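# Structural description and commentary
So the chains spell out like this:
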Amino acid sequence: MTANGYGSGGRGSVPLAEVLSAGSPILRTVSQADRVVNGTGGTRMICVSTGEDKVGITSGYVGVLVKHEELKILDMAQVSVNGALMLSFMVDVGAGSAMNLMKDLLLQAQLHNMKMEFRFPESVEEAVVAERDGQVIVRVATEGAISLRLLHQFATIFQEHQSNILEIEHEADQHEGCFSSVVQYRIAVTSDLRTDILYAELQKVCLPEDAEVFVRRFDDLCRPKRHSLVVLGASEVVVPYDILHQIMEEAGVAIPDVTGMDPWAAVRRKIQALKGISDTVLDKVKDRITYTPGARLVCAALKALGFKVALITGSAPARIANKIKHDLEVDYAIAQQIAVDDEGLMTGELGGAIGQWMDEFRKVDLIHLLADREHVAPKDVIVVGDYPVPDGSVELQGPRIYFNAGKHRNMKKVLQLMGFSSHETKELHGMYSRRSGESLVHSKTFPTVPESEYASASDLADVEPDKNVKKFLLRLMGKENAHGQLSRMLAPVASLDGTRVVTISQSTMHCMCCFCLEFEYRVPEGGDPNFPVKELMFSAKVEGFECEFLPDATIPPARPNVSKCAVTMVSLPSLPTALMDAVFSVCKQHNVNIDALERLSADEDQMSALCVSCTLPAQKLESLKATLLRCSQDFHADIALQREDVNRWSRRVIVFDMDSTLIQQEVIDELASYAGVGDKVVEITEAAMRGEIDFHESLRKRVSLLAGAEAKPLFAKVKENLVYTPGAKRLCRTLKKHGFKMAVISGGFTAFASHVKQELGLDYAFANELEIDAQGRLTGRTIGPVVTPDRKRNLLSMISEVEECDLEQVIAVGDGANDIPMLSTAGLGVAFCAKPKVQAAANFRVNHCDLSTLMYLIGLNDSAVKESRARDSPRD
């Protein structure tokens, strides 16, 4: 059942008095809905509000919900699309109480001049857009503004592949006087869709538009996993010219005519033309090699973020490829070795043990070999090369990027296509350029670039006023996301010349669709200046959209001097409405504008985690953080405030304490208990906690009580009875999937840290070593260096160096005072169910005894949680 179009504010709305009258259709619908009692004894209702984006709207609605004590929020989503707001929440209300709730929400909608609609789904599944068999991310980048023609061609191809567009994001950028656009689609696809076929079809329509496209499977994040392999070409990719041509010109050899030849056969023909030429020309070309602008940035940034980078080339001889490998610090360089005779002359053939010529099939074999070596899934291999459209003879499961240095000028386009925004790319550039060619490894942090330094899409699109150019802004709201609707809406205007898209956005939530299009139209002589908007509005109406047309309007400019942040709320088993009311009220008080709401938890019957993407005045950041901390304490919930910058998603190493963190026990207590000295160890532990003895003395005394115990059976019994913290296995499994390196650094003992490392799939384990005599008995002493608080910090730093990452990219998790130096050193220190002193020293706090909630702080969404939970063992 649906009640549509009732609310206040905007054209076409019904006066509130009429809506609330006893005989109104909407209240008759509500009365019917109140009689549809679901399994929880209440009414499930979806509330959707649309209108102008303003600070405090979300707070107002949640303030209404909190007054209805019987109400339970099941889901919540919000998006701000170029100044238009769409807020949707699904609630479970008590039987017979839907009418009162709707009255209150309609009054709140009138207060903010918003529209409000209500739907009554029979199930949660009915309330969400079917994700079909998976989702795909498609990014298209153009030099200059994107055309309506290309947007229509993309939408038509998606329709032909039975795919639904779920989301469209658009970003404009201006650098050194050059304007560029990137549009990202997230689409729901069928299980039989081959992304390489989709890529080939999209790339064909991109070529005439001077656009490039990137297609990959969507698996939790809008950018590729850190644990990916990026394969680069040499000539016309990282090097801005054909290397073999440079060699031939240096040698004074005419470049053979290879017109119509297969690219690999052409390379072979050129190498054969070098027969009899001294190999010294290779050194001359090698010594003066230059790189494509942005090549050093791309390679250094990808390496710093945890990607593996390989150079596979048929056009650069091995000697030159190794030079490129050294200069760009990539992980692998595989190339053909030109044979040289005893007189130092090239033979025109290949050297090496096998002497096999490079071709497409051998390149694919090499890619698979490197992927296997690095434990990278085939779908996570990204190939960047100078081939516009693959011929389909060889199928690669991973994405492709077409890059030609002569055409594209700067390799930063590779980062943009992979999913990095212009803001993020500039952060990476700032980090790298300050290094003057040095490695990224030893930087303190990625620089934070104020959001105000970047212009909005409208600012970037500003051109010299032209009386023949009309600007239009259309906002469309639809009650469903129908298959192929965008293709049908754009069809009447797709062939128009003189159109220039300024911004395009789409969002889908609870089956509702919000679409925004701002474009310019150069009116032909004698033409109708309003022709394109008339056609668009008519086709949108046919598709069931409500249209809002603003002639000569411009998207509101970005707020100056603001910080982009993410607020993560977690409370088990579900988020209390009172907590959300408090958080959103605090946001309103601090002039925080909420850009988006994303539910992170996977359970369909209750919402336990929510991410709030927002912008706020930079000077209010610390005040907001302190106030949210008080909310966290008042409601016994976990609330984290983080900047939305490179640091947040670049983390790739996590270090855990063991006792009372990864496992629920203290190992020394377990050993003492089975050895029969448990009471004495507890006394020493309590004395240490009172500060009567220091860490070293406490450890020495407790270990001494174990003297004489048989190590093997004692260790076996303790290992058998270890209890892992809820969510520990789920968390570690998910992080491993996303390429994290994981370590345990414990003040406990090596035998158990190593066991935990093996059970959880960790990469490193450090702990104290118990001494065992020749008879297999404990001596009551430790050997080797003791894991002190300072050594924990030093080991964390050492792991960071070994993994070649910044300390800012390291997460540390612990519960004890001996973890404080480690938590303070890491970029993200998390106090897990810790004492107040430890919580005060950490960046973030997790007070729910479920380690998997840490995934939400890292930025993983419900897709990651769902997949990991599906594989849980009963014990976890």
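Residues numbered from 1 in each chain as written. Predicted model: local features only at pLDDT ≥ 70, side-chain atom pairs only at ≥ 80, totals over all residues. Heavy atoms only, no water.

Turning to the overall build of the chain, a few remarks are in order. Helix and strand counts for the chain come out as 32 helices and 31 strands. Within the span of the chain, comprising 876 residues, buried residues form 58% of the whole. At a minimum sequence separation of 6, the contacts of the chain that also span at least 24 residues come to 72%. Of the accessible surface of the chain, which amounts to about 35100 Å², a share of 49% is contributed by carbon and sulfur atoms. (Helix = DSSP H or I, 4+ residues; strand = E, 2+ residues; numbered from the N terminus. Buried < 20%, exposed > 50% of the residue type's maximum accessible area, 1.4 Å probe, protein only. Contact = heavy atoms within 4.5 Å. Areas by Shrake-Rupley, 256 points an atom, 1.4 Å probe, with all protein chains shown as cover.)

As a further point, take the sheet that holds strand S10 (residues 229-232). The five strands lie next to each other as S12-S11-S10-S15-S16, forming an open sheet whose pairing is parallel. What marks the edges here is a single partner per strand, and that holds for strand S12 (332-334) and strand S16 (400-402). Direction aside, the axes of adjacent strands within the sheet are offset by 20° on average. Summarising the sheet, S10 and strand S11 (residues 308-312) pair through four bridges and their orientation is parallel. Across the sheet, Val230 pairs through a bridge with Val309, a residue of S11. The strands touched by helix H11 (residues 318-328) are S11 and S12; relative to S12, the strand with the most contacts, the crossing angle is about 165°. (Pairing = 2+ DSSP bridges. Axes fitted to C-alpha atoms, helices over the stretch in contact; angles between N-to-C directions.)

Let's shift gears to the confidence of the model for the chain. In this model, the chain carries an average pLDDT of 84, and 84% of its residues clear a pLDDT of 70 or more. Scored below 50 in pLDDT, residues 435-463 makes 67 contacts in the model with residues more than four places away or belonging to other chains. Contacts for the low-pLDDT stretch residues 868-876, under 50 throughout, to residues beyond four places or in other chains number 22 contacts. (pLDDT = per-residue confidence, 0-100.)

Our focus in this paragraph is helix H19 (residues 577-589). Spanning 13 residues, H19 covers 18 Å between terminal C-alpha atoms, matching the ideal 18 Å at 1.5 Å per step. Those residues of H19 that fall on the buried side of the exposure criterion are Thr577, Leu579, Met580, Asp581, Ala582, Val583, Phe584, Val586 and Cys587. Positive phi appears at Asn591, one or two residues downstream of H19, with a value of about 60°. (Expected span 1.5 Å × (residues − 1).)

What follows concerns the packing of helix H3 (residues 57-65) against helix H4 (residues 98-111). A pair of packed helices is captured by two measures, namely the crossing angle of their axes and the spacing between those axes. Direction vectors running N to C along H3 and H4 enclose 160°, while the axes themselves pass 10 Å from each other. Taken together, the axes of H3 and H4 lie roughly antiparallel to each other. You can see that H3 and H4 cross each other, and the crossing is right-handed. Residues Gly60, Tyr61, Val64 and Leu65 of H3 pack against Leu101, Asp104, Leu105, Gln108 and Ala109 of H4. Split into classes, the residues belonging to the contact of H3 with H4 amount to six nonpolar, two polar and one charged. (Parallel < 35°, antiparallel > 145°, perpendicular 65-115°, else oblique. Left-handed = near helix turned anticlockwise from the far one by under 90°. Nonpolar A, V, L, I, M, F, W, Y, C, P; charged D, E, K, R; others polar.)

Turning our eyes to something else, we now look at the pairing of strand S18 (residues 499-509). As a general feature of sheets, a regular strand has side chains that alternate between the two faces. Burial analysis of S18 places ten of its eleven residues in the buried class, the great majority of the element. Of the pairings in the sheet, the one linking S18 to strand S19 (residues 512-522) comprises ten bridges and is antiparallel in character. Within the sheet, the bridge partner assigned to Ser507 lies in S19 and is Cys514.

Time to look at the packing of helix H25 (residues 711-720) against helix H27 (residues 750-760). Relative orientation of the contacting elements H25 and H27 amounts to 40°, with a least axis distance of 11 Å. The orientation of H25 with respect to H27, classified from their angle, is oblique. As for how H25 packs across H27, the hand of that crossing is right-handed. Listed contacts from H27 to Phe715, Val718 and Lys719 of H25 are Ala751, Phe752 and His755. Classifying every residue of the contact of H25 with H27 gives four nonpolar, one polar and one charged.

Once that is clear, we can look at the sheet that holds strand S26 (residues 741-749). Across the sheet, seven strands lie side by side as S28-S27-S26-S25-S29-S30-S31; this open sheet has mixed pairing. On the outer flanks of this sheet lie strand S28 (778-783) and strand S31 (844-846), each paired with one strand and no other. Adjacent strand axes in the sheet meet at a mean angle of 25° when their direction is disregarded. Where S26 and strand S27 (residues 764-772) come together, four bridges link them in parallel fashion. Opposite Ala743, over in S27, you have Tyr764 as the bridge partner. Set on the sheet, helix H24 (residues 695-704) makes contact with S26, S27 and S28; between it and S28 the angle comes to about 155°.

Let us now look at the nonpolar core. Among the nonpolar cores identified, the biggest contains 59 residues, and Val238 and Ile324 are the most heavily contacted of them. When residues in this core are grouped by element, the largest group, six residues, is from helix H10 (residues 295-304). Contacts of Ile324, omitting those with residues within four sequence positions, involve Ala234, Val238, Val239, Ile243, Ile289, Tyr291, Leu311 and Glu329. Ranked by size, the runner-up nonpolar core spans 52 residues in total, among them Phe656, Cys732, Val744 and Val813. (Core = buried A, V, L, I, M, F, W, Y, C linked by side-chain atoms within 4.5 Å.)

Most of S26 sits out of view: eight of its nine residues are buried. In this sheet, S26 lies alongside strand S25 (residues 653-656) in parallel orientation, the contact comprising four bridges. Residue pairing for S26: Val653 is matched across the bridge by Lys741. For the handedness criterion, the β-α-β arrangement of S26, H27 and S27 is classed as right-handed. (Right-handed = clockwise from strand over helix to strand, strands pointing away.)

Okay, the packing of aromatic side chains next. Across all of its chains, the model carries eight aromatic pairs by this definition. An angle of 50° between the planes, with centres 5.3 Å apart, marks the rings of Phe420 and Trp649 as tilted. Separated by 229 residues along the polypeptide, Phe420 in the loop between helix H14 (412-418) and helix H15 (422-433) and Trp649 in helix H21 (residues 646-650) bring together distant segments of the chain. Judged by relative accessible area, which is 13%, Trp649 ranks as buried. (Phe/Tyr/Trp six-rings, centres within 6.5 Å; stacked < 30°, edge-to-face > 60°.)

Time to look at the pattern of salt bridges. If you walk through the whole model with that rule in mind, you get 36 salt bridges. Here Asp497 ties to Arg149 by a salt bridge, and the two come within 3.3 Å at their closest N and O atoms. Placement of Asp497 in the loop between helix H17 (485-490) and S18 and of Arg149 in helix H5 (residues 148-160) is noted, with a sequence separation of 348 residues between them. Looking at Asp497, the relative accessible area reads 58%, which means it is exposed. Ionic contacts of the salt-bridge type, sharing partners, join the residues Asp279, Asp283, Lys286 and Arg319 into one network. (Salt bridge = Lys/Arg side-chain N within 4 Å of Asp/Glu carboxyl O.)

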